[in-house]
Amino acid sequence: EGVAAFWRGSTPFVQRAMMVGVFQVATLDQFKELYVKQFDQKKNSIPNVFCAAMTSGLLYSIATMPLEAAKNRMASQKPDAVTGKLPYKGTLQTLRAVSAKEGFFALYNGFLPYYARCGGHTVSMFIFVQVLRDFYQKNA
């Protein structure tokens, strides 16, 4: 099968990961500023980073949940018993097929656990980064 076989099926994973990076990283600093202005938080304090990261995690969860659902369906699909063909061929085709057959909100089944995972990851990652930044600034 060759070296390319190692990457077969990775496209949905990569597409979702790109969107995670876009929404998670791009929105954090904007939410930090929002919480400073609206709630008088000290910028880069742990509460400020926590609130901004939870909001950033929420946005990224909303944006990427359909891609997560498509990725999971594509990863666990079985060939049709009669034709032997797989029901899903690509991310967009999967999104369209699921929306048409089960409705758009079927792509958001399991959203709360997904947000708990994404929000928790975002908070722990950005708080850790902030603690490292603070340590570096103090000791540099």
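Above this text is the structure in question.
Residues numbered from 1 in each chain as written. Predicted model: local features only at pLDDT ≥ 70, side-chain atom pairs only at ≥ 80, totals over all residues. Heavy atoms only, no water.

### A short note on the nonpolar core
Okay, so step 1: In this structure, L67, A69, A70, M74, Y88, L95, V98, A106 and L107 together form the largest nonpolar core, which totals nine residues.
Okay, so step 2: Contributions of two or more residues to this core are made by α2 (46-76) and α3 (91-102).
Okay, so step 3: The element best represented in this core is α2, accounting for four residues.
Okay, so step 4: The residues contacting L95, other than those within four sequence positions of it, are P66, L67, A70 and L107.
Okay, so step 5: One finds L28, F31, Y35 and V123 within the second-largest nonpolar core, a separate group that totals eight residues. (Core = buried A, V, L, I, M, F, W, Y, C linked by side-chain atoms within 4.5 Å. Buried < 20%, exposed > 50% of the residue type's maximum accessible area, 1.4 Å probe, protein only. Helix = DSSP H or I, 4+ residues; strand = E, 2+ residues; numbered from the N terminus. Contact = heavy atoms within 4.5 Å.)

### Remarks on helix α4 (residues 111-139)
Okay, so step 1: Along its 29 residues, α4 runs 41 Å from first to last C-alpha, staying within 8% of the 42 Å computed at 1.5 Å per residue.
Okay, so step 2: Residues F111, Y114, Y115, C118, G119, T122, V123, F126 and Q130 constitute the buried set of α4.
Okay, so step 3: In this structure, the buried residues of α4 make contact with α1 (11-39) and α2. (Expected span 1.5 Å × (residues − 1).)

### Comments concerning the pattern of salt bridges
Okay, so step 1: Per the stated rule, a full pass over the model turns up six salt bridges.
Okay, so step 2: Between K71 and E68 there is a salt bridge, and its shortest N-O distance comes to 3.7 Å. Of this pair, K71 and E68 both sit in helix α2, separated by three residues, roughly a single helical turn. For the pair K71 and E68, one class covers both residues: buried.
Okay, so step 3: As a salt-bridge pair, E102 and R73 come within 2.8 Å of each other at their nearest N and O atoms. Here E102, found in helix α3, pairs with R73, found in helix α2; they are 29 residues apart in sequence, far enough to count as distant.
Okay, so step 4: Each of R16, E68, K71 and R117 takes part in a single network of salt bridges with overlapping partners. (Salt bridge = Lys/Arg side-chain N within 4 Å of Asp/Glu carboxyl O.)

### Structural notes on the state of the cysteines
Okay, so step 1: Under the definition given, this model contains zero disulfides.
Okay, so step 2: With no disulfide of its own, C51 lies 18 Å from the sulfur of C118, the closest cysteine sulfur.
Okay, so step 3: On the accessibility criterion, C51 (24% relative accessible area) is partly exposed. (Disulfide = S-S within 2.5 Å.)

### Thoughts on the packing of α1 against α2
Okay, so step 1: Remark: α1 packs on α2, axes separated minimally by 7 Å, with the N-to-C direction vectors making an angle of 165°. Relative to α2, α1 is oriented roughly antiparallel. Judged by the sense of rotation from one axis to the other, the crossing of α1 with α2 is right-handed.
Okay, so step 2: Counted by class, the contact of α1 with α2 contains 19 nonpolar, seven polar and four charged residues. (Axes fitted to C-alpha atoms, helices over the stretch in contact; angles between N-to-C directions. Parallel < 35°, antiparallel > 145°, perpendicular 65-115°, else oblique. Left-handed = near helix turned anticlockwise from the far one by under 90°. Nonpolar A, V, L, I, M, F, W, Y, C, P; charged D, E, K, R; others polar.)

### Regarding the packing of aromatic side chains
Okay, so step 1: Across all of its chains, the model carries five aromatic pairs by this definition.
Okay, so step 2: Taking the centre distance of 6.3 Å and the plane angle of 55° together, the rings of Y108 and F111 count as tilted.
Okay, so step 3: The class for F111 is buried, based on a relative accessible area of 19%.
Okay, so step 4: Taken together through their ring pairs, the aromatic side chains of F104, F105, Y108, F111 and Y115 make up a single cluster. (Phe/Tyr/Trp six-rings, centres within 6.5 Å; stacked < 30°, edge-to-face > 60°.)

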